[in-house]
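Observations on the model geometry
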Amino acid sequence: MSFVNYAISARLKADPYRFYLGGRETLYNIWQFISDVRSGRCMLFDRSCTFNVFAYSIGALLSQVLLMGDHNGFFERSKLFMFCGGSFFSEMNGRSKMIMDEDAFEALQRYYKNDFLNDYQGRRLYGDAAEQAFVAHIAYGLNFREREMFS
């Protein structure tokens, strides 16, 4: 295991909520970029361009949340291609010396299948479409109707 993977594993074991916060930060960065394009602040792209997504591995989960929780209708005309990803969080296997150690993976699985869903320590503050989309991708039975309407 590299020192980077060790650090990631240690941080996720200490606080699995960091996984969610990191995902939210990435969503905010994407939304900000698209807002900049739409407002004309990013001159490299036409304001009306379409944003299609190619996602790999855990990025597939992020992209599903991104498109299902479509902030400001940014992805109404978008297409998504997922490679080596797309399963429910509960069905993922992150045990790998290249990703995280087994203890960190087990901590994530326990946290997101139980504590996160029960609003453990009042940390789920958002309640927005992105959070609901994330919950819908934790396990098959969660937010089933919303997920089916999306696909």
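Being a predicted model, the structure only gives us computed values, none of them experimental.

1. Observations concerning the overall build of the protein
Along the backbone of the protein there are 6 helices and 2 strands. Put simply, the protein runs from its N terminus to its C terminus through helices and strands in the order α-α-β-α-β-α-α-α. Principal-axis analysis of the C-alpha atoms places the extent of the protein at approximately 45 × 35 × 30 Å. Put simply, the protein has 151 residues, and 36% of those count as buried.

2. A few points about the packing of aromatic side chains
Tallying each qualifying case throughout the model produces 21 aromatic pairs. Ring plane angle 55° and centroid distance 4.9 Å describe the contact between Tyr 20 and Phe 116, whose orientation is recorded as tilted. With Tyr 20 in helix α2 (residues 17-39) and Phe 116 in the loop between α4 (102-115) and α5 (129-136), this pair connects stretches of sequence that are 96 residues apart. Look at Tyr 20 and you get buried, because its relative accessible area is 4%. What makes Phe 116 buried here is its relative accessible area of 1%. Their ring planes at 90° and their centres at 5.7 Å tell us that Phe 33 and Phe 45 sit as a pair that is edge-to-face.

3. Quick look at a nonpolar patch on the surface
A cluster of nonpolar side chains, namely Phe 54, Tyr 56, Phe 81 and Phe 83, defines an oily patch on the protein surface of about 490 Å² accessible area. Taken together, the elements giving at least two residues each to the nonpolar patch come down to β1 (53-56) and β2 (80-83). Among the secondary structure elements, Phe 83 is positioned in strand β2.

4. Examining the environment of Ala 130
Inspection of the secondary structure assignment puts Ala 130 in helix α5. Overall, Ala 130 belongs to the buried group, its relative accessible area being 4%. A C-alpha to C-alpha distance of 14 Å links Ala 130 and Leu 142, two positions 12 residues apart in sequence. Apart from the residues within four sequence positions on either side, Ala 130 is in contact with Arg 24, Leu 27, Trp 31, Val 65 and Gly 69.

5. Structural notes on the nonpolar core
In terms of nonpolar packing, the biggest core is built from 35 residues, with Val 65, Phe 75, Tyr 112, Phe 116 and Phe 134 touching the most fellow members. Looking at this core, the elements with two or more residues in it are α2, β1, α3 (58-68), α4 and α5. With sequence-adjacent residues up to four places away left out, Tyr 112 is seen in contact with Pro 16, Tyr 17, Phe 19, Tyr 20, Phe 89, Leu 117, Phe 134 and Ile 138.

6. Digging into the layout of surface pockets
There is about 670 Å³ of room inside the largest pocket. As for the largest pocket, its lining consists of 30 residues, of which Phe 19, Ile 58, Leu 61, Phe 89 and Met 92 are closest to the centre. For the lining of the largest pocket, the secondary structure elements donating two or more residues are α1 (3-14), α2, α3, α4 and α5. The leading source of residues in the lining of the largest pocket is α2, at 8 residues.

7. What about the environment of Arg 47?
Considering the arrangement of structural elements, one finds Arg 47 in the loop between α2 and β1. Residues Arg 47 and Asp 36, 11 residues apart in the sequence, show an inter-C-alpha distance of 8.8 Å. A distance of 3.0 Å separates the side chain of Arg 47 from the backbone oxygen of Ser 39, its partner in a polar contact.

8. So, the pattern of salt bridges
Counted according to the given criterion, the structure contains 5 salt bridges. In this structure, Lys 13 and Asp 101 form a salt bridge, with 3.0 Å as the shortest nitrogen-oxygen distance. Of the two residues, Lys 13 sits in helix α1 while Asp 101 sits in the loop between β2 and α4, which places them 88 residues apart along the sequence. Take Lys 13: its relative accessible area is 35%, and that puts it in the partly exposed class. Close ionic contact of Arg 41 with Asp 36 constitutes a salt bridge, the shortest N to O distance being 2.8 Å. In this structure Arg 41 comes out as exposed when scored by relative accessible area, which is 56%.

The rules behind the values
- Residues numbered from 1 in each chain as written.
- Predicted model: local features only at pLDDT ≥ 70, side-chain atom pairs only at ≥ 80, totals over all residues.
- Heavy atoms only, no water.
- Helix = DSSP H or I, 4+ residues; strand = E, 2+ residues; numbered from the N terminus.
- Buried < 20%, exposed > 50% of the residue type's maximum accessible area, 1.4 Å probe, protein only.
- Phe/Tyr/Trp six-rings, centres within 6.5 Å; stacked < 30°, edge-to-face > 60°.
- Patch = residues over 30% accessible without salt bridge, like charges linked within 9 Å, V, L, I, M, F, W, Y side chains within 5 Å.
- Areas by Shrake-Rupley, 256 points an atom, 1.4 Å probe, with all protein chains shown as cover.
- Salt bridge = Lys/Arg side-chain N within 4 Å of Asp/Glu carboxyl O.
- Contact = heavy atoms within 4.5 Å.
- Core = buried A, V, L, I, M, F, W, Y, C linked by side-chain atoms within 4.5 Å.
- 1 Å grid on protein atoms, 1.4 Å probe; cavity = no way out; pocket = protein on both sides within 12 Å on 5 of 7 lines; lining within 4 Å.
- Points joined across faces, edges and corners; volume = space filled by probe spheres on them.
- Polar contact = N/O pair within 3.5 Å; in protein donor to acceptor, adjacent residues only side chain to side chain.

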